[in-house]
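An overview of the molecular structure
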Amino acid sequence: MKLWKKNTDSLKEVETFTVGRDREMDLYLAPFDVLGSLAHIQMLESVGLLKKQELIQLQEALRHIYAAIQKGDFELQDDVEDIHSQVELLLTQRIGEAGKKIHSARSRNDQVLVDLKLFLRNEIETTVKTIVPFFELLQTQSEKYKNFLLPGYTHLQLAMPSSFGLWFGAYAESLVDDLISLKAAYDIINKNPLGSAAGYGSSFPINRTLTTELLGFASLNYNVVYAQMGRGKAERVVAQSLANIADTLSRMSMDATLYLNQNFSFISFPPELTTGSSIMPHKKNPDVFELIRSHCNRIKALPNEITLMTTNLPSGYHRDLQLLKEHLFPALKSLRDCIEMAGLMLSNIEVKPDLLKDEKYKYLFTVDLVNQLVLEGTPFRDAYIQVGKSVDDGSYKVPEHTEIKNPHEGSIQNLSTAQIKQQMDQTIASFDFDAVHQAYQRLLNTSTEA
């Protein structure tokens, strides 16, 4: 029997349409539904809504289900509507009527909300752990290629000298800010909605502080109406943080695609990392970077999709929110796949040395010439006009001494790699992943007497 079933059946077409892909998406939530239930029943027993022996039976059965999920030996039966129903069915099959008591003092609304938050919290951790080695690779390459100069561009026009040390380092530091954004999303996710029921609380004497502690949440969503309003917001803020990471990858991929182009010819890759043409034997196409760019641009659209799907919804739960899972859940893995592929490519990059010796890059040094005149006593504006005229009339000559002299923080000669790493380390340390793991360990292994 469905959790919401009364005495009438839905038209089959209505049921098919309303369920949609939700059963598929529910499999993502399966382990977290069990963890939420383990915390919930421990709270129920503490307030007298479960007997001690019933709690022990339920804990043993739920831990058995959790182990099956972890082994991949779990599925939703064809006649079962969702993950919550499947878990309750397995409990009643295993221990009888006590299994039905698991739904006391909660609604599917707060049950799916807590599942969703636990899932997103875990996905954020996995994403952080995927970013860390990529960040370290960027920093390694930044130091390795710090003396390899390349043209810098503004408006896609020649600007000033840059270096591959700066280029790799720029994307490393971009990831620091991306993780700060992800941490902000994590802080919003890491609040407990359980106990808000259908959005208006419960008349049972529940203890929401206890379930918060048991599930390793940092705090509560206190107001029960707002707890339900968090559905949609939770997905949106996570999507925005993913979009920030995606933007870093997308821009980096565009750079790499340009730099591989023969008219730039700054970098190359082993043949096995590029693809050919069906009719042009010389082609070495940057398909990996092009696909990273497209995948990431799609992720950048995700916050807008979620915003539009939740536009003009009043407070309370609405079925529209179900569809958010179909958009957000696959994007999480897609982004991580892009990070890993970018790492594969950049760990095998070959950088061309002595690029700036090419005659076509001579104007990169106009600023150095202006600055040289200023150091000799010419006012900056006059020096600027003087060098500009030399460019226009063809008399401009590259300064005799073109060695780079900009040792300030974050420049070609001072990449500040260690300082950027320190910022990243501080950001990663601000996540409380260990506290969450310890809470889960207690739920899964600790006896009721502990």
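In what follows, the accompanying structure is described.

What counts and how
The residue numbers shown here count from 1 along each chain, following its written sequence. Per-residue local features of the predicted model are confined to residues with pLDDT of at least 70, and side-chain atom pairs are confined, for both listing and counting, to 80 or more; whole-chain, interface and lining totals are unaffected and use all residues. By convention in this description, side-chain values take in all heavy atoms of the structure and omit both hydrogens and water. In this text, helices come from DSSP runs of H or I with a minimum length of four residues, and strands from runs of E with a minimum of two, each type numbered from the N-terminal end. By this rule the span expected of a helix is its residue count minus one, scaled by 1.5 Å. Any residue under 20% of the maximum accessible area for its type is buried, any over 50% is exposed, and the rest in between are partly exposed; the area is computed with a 1.4 Å probe on protein chains only. The arc refers to the directions leading from the helix axis to the C-beta atoms. Each pair of aromatic rings taken from Phe, Tyr and Trp, with Trp reduced to its six-membered ring, is defined by centres within 6.5 Å and is described as stacked if the planes are under 30 degrees apart, edge-to-face if over 60, and tilted in the remaining cases. Note on definitions: salt bridges are taken to be side-chain nitrogens of Lys or Arg within 4 Å of carboxyl oxygens of Asp or Glu. Residue types Ala, Val, Leu, Ile, Met, Phe, Trp, Tyr and Cys, when buried and joined through side-chain atoms within 4.5 Å, form a set referred to as a nonpolar core. Any two residues whose heavy atoms approach within 4.5 Å at even a single point are treated as in contact.

Here the focus is helix 15 (residues 433-445). With 13 residues, helix 15 ought to run about 18 Å at 1.5 Å a step, and its terminal C-alpha atoms sit 18 Å apart, in line with that. Of the positions making up helix 15, those classed as buried are Phe 433, Val 436, Ala 439, Tyr 440, Leu 443 and Leu 444. Taken down its axis, helix 15 places every buried residue within 130° of arc, on the same side. Across from the buried face of helix 15, at angles greater than 90 degrees, the exposed residues are Asp 434 and Asn 445.

For the structure shown, the criterion picks out 22 aromatic pairs. Plain terms: the ring middles of Phe 164 and Tyr 259 are 6.2 Å apart, the flat faces sit at 80° to each other, and that makes the pair edge-to-face. In this pair, Phe 164 is assigned in helix 6 (residues 164-189) and Tyr 259 in helix 8 (residues 224-260), connecting sequence segments 95 residues apart. Tyr 259 matches Phe 164 in its accessibility class, with the two residues each being buried. Aromatic pair Trp 167 and Phe 168: ring centres 5.0 Å apart, planes at 75°, arrangement edge-to-face.

This brings us to the pattern of salt bridges. Inspection of the entire model under this criterion finds 14 salt bridges. Notably, a salt bridge pairs Arg 108 with Asp 82, separated by 2.6 Å at the nearest N-O pair. With Arg 108 in helix 5 (residues 108-144) and Asp 82 in the loop between helix 3 (52-70) and helix 4 (83-95), the pair connects residues that are 26 residues apart, well separated along the chain. According to the relative accessible area criterion, Arg 108 is partly exposed, its value standing at 25%. By relative accessible area, Asp 82 is classed as buried at 5%. Here Glu 143 and Lys 146 are joined by a salt bridge, their closest N and O atoms 3.3 Å apart. Overall, Glu 143 belongs to the partly exposed group, its relative accessible area being 32%.

Turning to the nonpolar core, a few remarks are in order. If you look at the biggest cluster of nonpolar residues, it comprises 115 residues, and the most contacted ones within it are Phe 134, Phe 164, Leu 249, Ile 267 and Leu 346. Looking at which element gives the most residues to this core, the answer is helix 5, with 13 residues. Apart from the residues lying within four places of it in its own chain, the contact partners of Leu 249 are Phe 134, Ile 292, Cys 296, Leu 335, Cys 338, Ile 339 and Ala 342.

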